[in-house]
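Secondary and tertiary structure notes
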Amino acid sequence: MKMITFFLVGLTVHVIFFLSIFDIYFTSPLVHGMTPVVTLLTPPASRLVLIVADGLRADSLFTPLPNGSSRAPYLRSIIEEKGTWGVSHTRVPTESRPGHVALIAGFYEDVSAVAKGWKENPVEFDSVFNESRHTWCWGSPDILPMFAKGASGDHVYTHTYPAAEEDFASTDASRLDSWVFTQVKSFFQSAKSNPTLMASLLEDKNVYFLHLLGIDTNGHAHRPMSQEYLNNIGLVDAGVSEMVAIVEDFFSHDGRTSYVFTSDHGMTNWGSHGAGHPSETLTPLLVWGAGVQSPHKVTETQLYNDGYLQDWKLENFRRVDVNQGVLPLLYINNTDQFKADCMYTNAIQILEQFKMKMKQKKETTLSFLFTPYQHLTKSKQLEFIHKARILMQLEKYGEAISLCQSLISHALEGLVYYHTYDRFFLGCSVVLGFVGWISYVILVILKTHASLNMHPDILTQNSSRTLLRLCVCVTVVISVFLLIQRSPITYYVYCLLPVPVWYSVLKESKTLTDLIKAAPALPLWKCLGYFVLVAFGIELLVVSFFHRAVLTVGLAVLSLWPMLSGLFGKAKFRSLNWFLGCLCLAAFPLMPVVGREPNINLVTCAGLLTLFTSACFLWPSHKRTPLHTNDKQQFVIQMLHVAVCAYVPSLTHSSLQQKQGLPPLNQMISWATLASSILVPLMSSTRLFHRLLSIFLSLTATYLLLSTGSEAFFPPVLSWLMFVWINIEQEAMLAEGLSGRQELSTIDFSASIDISKIRQLKLDDIRRSYFFVFFIITAFFGTGNIASINSFDPASVYCFLTVFNPFIMGGLMMWKVIIPFIIVMCTFETIQVTTQLSSRSLFLIVLVISDVMALHFFFLVQDYGSWLDIGTSISHYVIVMSMTIFLMLLSVVTHILTSQRLVLWRNRKMHFP
């Protein structure tokens, strides 16, 4: 198979493996087509006012001030005098869109919404707003439109401020909340002179939704412990108090308004959210007004072990915690009959979803293969409903409520059962394809890159035809089976992919036979030792995703490699540099990636270290291979550019601290640096160290602009170790007795490759490939901001923009992560050239190592029971697969980046002494 064909096939296979995890674990949980079920009893409220303070932590609202007073006195009075309170437990991912969907639509959204940027509906869903007569919304343009789009009829009205107002560099982000309260006040004032609007407001089933983003924005910009964040809570409290007074006065205190005050998610101490830390998942919930229980004082100890009641001085007021999307009866103030009827209606609604889900699954599964959910068969459903009706007729409402809660529990479990019905089947298909692909790559390595004596076999052609016919038959059988079951098109991809993969494996089985025949001549103990070391090394990399400190241990072990391999006696200075470089790099996995306060002075110091490191690279290289005048000028300009980029973050953050906004000149420099980061190296000499130095300077300049602290030291330290790695591999080649070693100072990336000098793979090349994968993983975790979804610090992109834009900000942070990848990839490209290997050879071994890691994570997903553990393993699987795909693409980019050159003016001639 040609290189380009193999690359495209490998890329396609890995994209399929990557997408499979989403199709297996992240499909939409929604069910459509049920008959609506409603209660016929009169509701206690005619209207609902829903107030969501985005990013408000429970402890930030409930914790009293040192003097005993509250920073939110009005809401505190609600707890003590008017309503019921508790903590709302959100679910990962603790982001605005899924949090609001859980609050307003009552379900936890699937991850496919990420692709829509949390703004549009990937699937249609019903919500409280959709079932209302009218809904008026005020707030963020990122949240409100998703509940208006797809709503039946034209009864959801949104009022949003411009997206540009969501600026982290704003002088006072609380003005976003002031805007909402002002709009609400104007709305009710205008209704008094607008008969049409007045008539609509006086109808029942109306909802008023206030989305308050100021607290979240201030939390991201200044941290939740800042005065800006805490003052914003006071502003919201005063605004809610005024708004309630306006609403009550408008409706003449008719007692028919219910109020809910809560938050979609919390925030970590370092100003981020998205993961499952308690500061992110615990949000306040206050409910008061029509149909809501008044404060319930308690004297006994409440069954909450988190210690918050004492800290909040609320141990004497009953706390009622809820999960987002679940209606709690303890908040309702009504008759037992009303509660029982509501619970019965809720149970029937969920049961209808269960029945629809079961029907859909039954229709797409052959009858003899279908296994129904045993706890809720058709007879048991009828039994539940019959008992509940009898209990309600006998006015045994407490027992009816308990029975309905049991039915809801079984129905929800059944929904999960049918939602995950095909997981094992799809998982087995993916694993079969995975194992086949890894086996095929290993056989390709043995066939084309190992010194095996291949013996022709006259029976090979006939056996290949038989194998092809067998695979065609298997393909037809699988396709017919999936067609009968009316399976989605993706099922065909996952189930049929193993067929051509295993066909390719079995077709190359002769290679395995030749290996077995050649086994007696191989150094078996050495091979076995390498196998054990690589297996242990892969396991170490897998564990490093769960415990980053393992990378530190690994680097400490790698630092001893020259001593263990005997290279120390032949190259003491380079071995010592390797030892020190590994130990310095080993410090980065131990550094905290979350909870760090920005320290821009460290960025400036990292810029100076970059210049020093560059000088150390350039001086010895210049002595061996003098630079052309134009190259000297380019390096001087690049080094000056690095100095500027090291100073720009300091100027930017100083301006933001003084609330003067992002300076336009700084923003212009930042974007120009980003745009030119790949093009500038293409203008330098293609001599090995000259090109690598130009790449290092160009990428580090961008990296400094995206740094806020100690992580800025990572590229220069990593580049130092990579520089040493290139040199020490030359010594390793001499130790292996390989002839044709070329001096590094004479190597030109753009020179034609002498095919006759390309050698076969050796056992030591496995070690080189493993080093590469290890350094790639270290590069991934060494940049900072990579711990979980909540480790993103918006301050990292303030040199480029301060207005909230998730796609641009995410793209910038992705580029920050890729920069160390490119440094390692360029080093690996250099090592392939200097060790006289084809670019395909070592990368095939890398592919096997990374795929074995991904397969390991896939198995871990199957083993875990809790969703948090599954989510962790899935995220690690996604990271490894993304990394593998990126490496395949970056291998092409790196080759171009190292070997190509742009000529900027005509007739320019380069002279190399």
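Residues numbered from 1 in each chain as written. Predicted model: local features only at pLDDT ≥ 70, side-chain atom pairs only at ≥ 80, totals over all residues. Heavy atoms only, no water.

Another point: the overall build of the chain. Within the chain, the secondary structure is distributed over 33 helices and 8 strands. Split into buried and exposed, the 913 residues of the chain put 53% on the buried side. Taken as a whole, the chain presents about 40,400 Å² of accessible surface, with 64% of it coming from carbon and sulfur. (Helix = DSSP H or I, 4+ residues; strand = E, 2+ residues; numbered from the N terminus. Buried < 20%, exposed > 50% of the residue type's maximum accessible area, 1.4 Å probe, protein only. Areas by Shrake-Rupley, 256 points an atom, 1.4 Å probe, with all protein chains shown as cover.)

Attention shifts here to the packing of helix H22 (residues 549-558) against helix H30 (residues 763-782). When two helices pack together, their arrangement is given by the angle between the helix axes and by the axis-to-axis distance. Direction vectors running N to C along H22 and H30 enclose 140°, while the axes themselves pass 11 Å from each other. Considered as vectors, H22 and H30 are oriented oblique to each other. Crossing of H22 against H30: the hand is left-handed. Of the residues in H30, those touching H22 at Leu551, Gly554, Leu555 and Leu558 are Phe771, Phe774, Phe775, Ile777, Thr778 and Phe781. (Axes fitted to C-alpha atoms, helices over the stretch in contact; angles between N-to-C directions. Parallel < 35°, antiparallel > 145°, perpendicular 65-115°, else oblique. Left-handed = near helix turned anticlockwise from the far one by under 90°. Contact = heavy atoms within 4.5 Å.)

Helix length check: helix H15 (residues 397-419) (23 residues) gives 32 Å between terminal C-alpha atoms against 33 Å at 1.5 Å per residue, within 8%. Listed in full, the buried residues belonging to H15 are Tyr397, Ala400, Ile401, Leu403, Cys404, Leu407, Ile408, Ala411, Gly414, Leu415 and Tyr418. Where H15 is buried, its residues touch helix H13 (336-363) and helix H14 (378-393). (Expected span 1.5 Å × (residues − 1).)

A separate point is helix H27 (residues 664-676). Relative to the 18 Å expected for 13 residues at 1.5 Å per residue, H27 spans 18 Å between its end C-alpha atoms, a close match to the ideal helical length. Among the residues of H27, those classed as buried are Asn666, Ser670, Thr673 and Leu674. Projected down its long axis, H27 shows its buried positions confined to an angular sector of 100°, all on one face. Seen from the buried face of H27, the exposed residues on the opposite side, beyond 90 degrees, are Pro664, Leu665, Met668 and Ala675. Where the residues of H27 are buried, they touch helix H26 (629-657), helix H28 (688-705) and helix H31 (806-834). (Arc of directions from axis to C-beta.)

When a strand is regular, its side chains alternate between the sheet's two faces. A large share of strand S7 (residues 282-289) lies buried, amounting to 7 of its 8 residues. Note that strand S2 (residues 84-89) and S7 share 6 bridges and pair antiparallel. Counterpart to Val87 in the pairing with S7 is Pro284. (Pairing = 2+ DSSP bridges.)

Another point: the side chain of Thr94. Here Thr94 shows up in the loop between S2 and helix H4 (96-105). On the accessibility criterion, Thr94 (1% relative accessible area) is buried. Ignoring sequence-local partners within four residues, the contact set of Thr94 consists of His265, His273, Gly274, Ala275, Glu280 and Thr281.

Spatially, the 8 strands line up as an open sheet ordered S4-S3-S5-S1-S6-S7-S2-S8, and their pairing is mixed. Bordering the open sheet on either side are strand S4 (156-160) and strand S8 (322-323), each of which pairs with just one other strand. Each of strand S3 (134-139), S4 and strand S5 (206-212) is contacted by helix H7 (residues 175-191), which is oriented at about 155° to S5, the strand it contacts most. Docked against the sheet, helix H10 (residues 227-250) engages strand S1 (47-53), S5, strand S6 (257-262) and S7, running at close to 170° with respect to S6.

In terms of burial, S2 is largely enclosed, as 5 of its 6 residues are buried. Of the pairings in the sheet, the one linking S2 to S8 comprises 2 bridges and is parallel in character. Pairing of Ser88 across the sheet is with Val322, part of S8.

A few words on the nonpolar core. Grouped together as the largest cluster of nonpolar side chains are 153 residues, with contacts concentrated most on Trp578, Trp725, Phe772 and Phe775. If sequence neighbours within four positions are ignored, Phe775 has contacts with Leu555, Leu558, Trp578, Leu721, Met722, Trp725 and Val824. Core analysis: the second largest hydrophobic core is formed by 51 residues, Phe181, Val184, Phe261 and Leu309 among them. (Core = buried A, V, L, I, M, F, W, Y, C linked by side-chain atoms within 4.5 Å.)

Across all of its chains, the model carries 19 salt bridges by this definition. Between Lys387 and Glu383 there is a salt bridge, with its nearest N and O atoms 3.3 Å apart. Here the residue Lys387 and the residue Glu383 both occupy positions in helix H14, the gap between them amounting to 4 residues, near one helical turn. Each of Glu729, Asp764, Asp765, Arg767 and Arg768 takes part in salt bridges that share partners, so that together they form one network. (Salt bridge = Lys/Arg side-chain N within 4 Å of Asp/Glu carboxyl O.)

On to the packing of H13 against H14, then. One can describe the packing of H13 onto H14 by two numbers: an axis separation of 12 Å at closest approach and a directional angle of 170°. Taken together, the axes of H13 and H14 lie roughly antiparallel to each other. Taking contact as the criterion, the partners of Ala340, Asp341, Tyr344, Ile348, Leu351, Phe354, Lys355 and Met358 in H13 are, on H14, Gln381, Ile385, Ala388, Arg389 and Met392. Broken down by class, the residue content of the contact of H13 with H14 amounts to 9 nonpolar, 1 polar and 3 charged. (Nonpolar A, V, L, I, M, F, W, Y, C, P; charged D, E, K, R; others polar.)

One pass over the full model with this rule turns up 52 aromatic pairs. Plain terms: the ring middles of Phe354 and Tyr418 are 5.7 Å apart, the flat faces sit at 50° to each other, and that makes the pair tilted. Taken together, the positions of Phe354 in helix H13 and Tyr418 in helix H15 put the pair 64 residues apart, joining distant regions of the chain. Plain terms: the ring middles of Phe771 and Phe775 are 6.3 Å apart, the flat faces sit at 70° to each other, and that makes the pair edge-to-face. Of this pair, Phe771 and Phe775 both sit in helix H30, 4 residues apart, which is roughly one turn of the helix. Residue classification places Phe775 among the buried residues on the basis of a relative accessible area of 0%. One Lys or Arg, Arg47, reaches over the ring of Phe251 and ends 3.7 Å from the middle of that ring. Positioned above the aromatic ring of Tyr703 is the side chain of Lys816, whose terminal nitrogen or guanidinium carbon lies 5.7 Å from the ring centre. (Phe/Tyr/Trp six-rings, centres within 6.5 Å; stacked < 30°, edge-to-face > 60°. Lys NZ or Arg CZ within 6 Å of the ring centre and 35° of its normal.)

Our focus in this paragraph is unusual backbone geometry. Phi is positive for Ser252, close to 55°, though the residue is something other than glycine. The phi torsion at Lys313 lies on the positive side, around 60°, for a residue other than glycine. The topology assignment puts Lys313 in the loop between helix H12 (308-312) and S8.

A word on the environment of Val156. Looking at where Val156 falls in the secondary structure, it is placed in strand S4. Sequence-wise, Val156 and Arg133 are 23 residues apart; in three dimensions their C-alpha atoms are separated by 8.8 Å.

Below, the discussion takes up a nonpolar patch on the surface. Taken together, Leu468, Val472, Val476, Val480 and Ile484 make up a surface patch of nonpolar side chains, about 420 Å² in accessible area. Mapped onto the secondary structure, Val472 falls in helix H17 (residues 460-484). (Patch = residues over 30% accessible without salt bridge, like charges linked within 9 Å, V, L, I, M, F, W, Y side chains within 5 Å.)

Before going further, it helps to spend a moment on the state of the cysteines. In the structure shown here, the tally under the stated rule is 0 disulfides. Cysteine Cys645 is unpaired, with the sulfur of Cys799 as its nearest cysteine sulfur at 8.9 Å. (Disulfide = S-S within 2.5 Å.)

Moving on, we get to the side chain of Ser272. Checked against the element boundaries, Ser272 lands in the loop between S6 and helix H11 (278-281). Within the structure, Ser272 has its side chain in polar contact with the side chain of Trp270 (distance 2.8 Å). (Polar contact = N/O pair within 3.5 Å; in protein donor to acceptor, adjacent residues only side chain to side chain.)

On average, residues of the chain score 86 in pLDDT, and 89% of them reach the 70 mark or higher. Segment residues 864-868: pLDDT under 50, and 7 contacts once partners within four positions in sequence are set aside and those in other chains are kept. (pLDDT = per-residue confidence, 0-100.)

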